[in-house]
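Architecture and fold: a report
Given next are the chains, with one letter for each unit.
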Amino acid sequence: MAKTFRRGPIYEEDLALNSGSGAATASRGTSTGGSQTLTKLGAGSAWFLSRLNNIFFVDGVKYATIQAALTAADAAGGGTVFLPIGTYNITAALTWTTNSINLVGASRNETIIQMVDATNNLNGIVPGGTSRIAHLTLKGTNGTGAGDGITNGPIDGLVLDDIEVLNWPGHGINSGAGSTNWSGGNLYIHDNKKDGLLYGQATGGTFSNIFAYSNGANGIDLGGSSFVTLNGCLAYSNGGSGATGLDQDGILIYSDSVVGNAVGNIISGCIARNNNTHGIRLQAGTGGQVRENILIGNNAYQNGVGDGATQNGDGIILLNDSTNGQMLRNTVLGNIVSTNYRHGVFVSSTAGAGAFNRTLVTDNQVFTNGARGIYVGHSNSADTLIKNNITL
């Protein structure tokens, strides 16, 4: 059925009528076999109409399904697929191949795309090219499969705006290796079995106001990514079903010879709390570099809520634990770190690990942690500079 907007129902026939110079009225058939009279808009509507011509409405008449509208937009070389308020069941991934596709709902709380495949071994949305996904919710079934909510790669310049992604047996959002310059804001990513946001092996990107919580592995995972900024994010209660080790943290930046180096990332103004292991972890594995990353103005508290005997959660940890891994020139500045299971800030390099050079820990407030406020472990971390911190 047609959806009503500010000027009433809009159909493809409206667009054809108003784009021509002929008659002032036209008619269209209805689903009940009748007809409806359409009237040409008045003068001054050209700006409005020029934008409508590239909008594909999923109204149950012209486009009965989301994929039908996406396919039409693909064939047109781009456009906006608009989803009015409602729940849209899907049994296969929504896909497109061209650039400049916008998949937009009426409201994050009222436009819901629901995967109904029982095993959920399928992905939800597989975008192509530079596109935008906005104002909708994408729900999986938390089945036994491995489907991600949004995934593909490599993709340049994908924009995610005001969306909720939940209940996927894989990752909530997975960029795929080699993606570049994604941006996202007001993202609610939760109750997925793996990472909430896996923006791994990517270059460039800015994310703000991400709420990543109750995911089975990490809330936000930047493994092998460089020059990414996280600003004003909240990562909490993550790691409940992840394997021990790297998949238990609020925010993770990791490198090794497989995922590549993690260079020049900034985590600013974020809150990481009540995660199973660490609030924020920077870690270099074998053959990888974690260098020139900045943690500034974050709040990390009450992390390490898992089994303390094996998890040993810290508020912020900088860790080099493997041969030839390198932790170089990372900065921990102006953070508030409190009430974590083990250390507030832990700078650790295990025996035999690679270089750990020029780490700066300064102007932090660190208090009421289970073991030590700021702890530098092992001689390989000896050139760490710690100054102007408040520890209690």
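Some thoughts on the overall build of the chain
Each helix and strand in the chain was counted, giving four helices and 40 strands. Within the span of the chain, comprising 392 residues, buried residues form 52% of the whole. Contacts in the chain between residues far apart in sequence, at least 24 positions, make up 70% of those at least 6 positions apart. For the chain, the exposed area adds up to about 15,300 Å²; of that, 50% sits on carbon and sulfur atoms.

A short note on the pattern of salt bridges
In this structure the tally under the stated criterion is six salt bridges. With its nearest N and O atoms 3.8 Å apart, the salt bridge here joins E292 to R291. Exposure remark for E292: the relative accessible area of 35% places this residue in the partly exposed category. The exposure class assigned to R291 is partly exposed, which follows from its relative accessible area of 21%. The partner of R329 in a salt bridge is E292, with the nearest N and O atoms 2.7 Å apart. A residue pair is termed long-range when its members are at least 10 positions apart, and R329 in the loop between strand 31 (326-328) and strand 32 (331-333) and E292 in the loop between strand 27 (289-291) and strand 28 (294-296) qualify at 37 residues. Because the salt bridges share partners, they merge into one network encompassing R291, E292 and R329.

Conventions we followed
Residues numbered from 1 in each chain as written. Predicted model: local features only at pLDDT ≥ 70, side-chain atom pairs only at ≥ 80, totals over all residues. Heavy atoms only, no water. Helix = DSSP H or I, 4+ residues; strand = E, 2+ residues; numbered from the N terminus. Buried < 20%, exposed > 50% of the residue type's maximum accessible area, 1.4 Å probe, protein only. Contact = heavy atoms within 4.5 Å. Areas by Shrake-Rupley, 256 points an atom, 1.4 Å probe, with all protein chains shown as cover. Salt bridge = Lys/Arg side-chain N within 4 Å of Asp/Glu carboxyl O.

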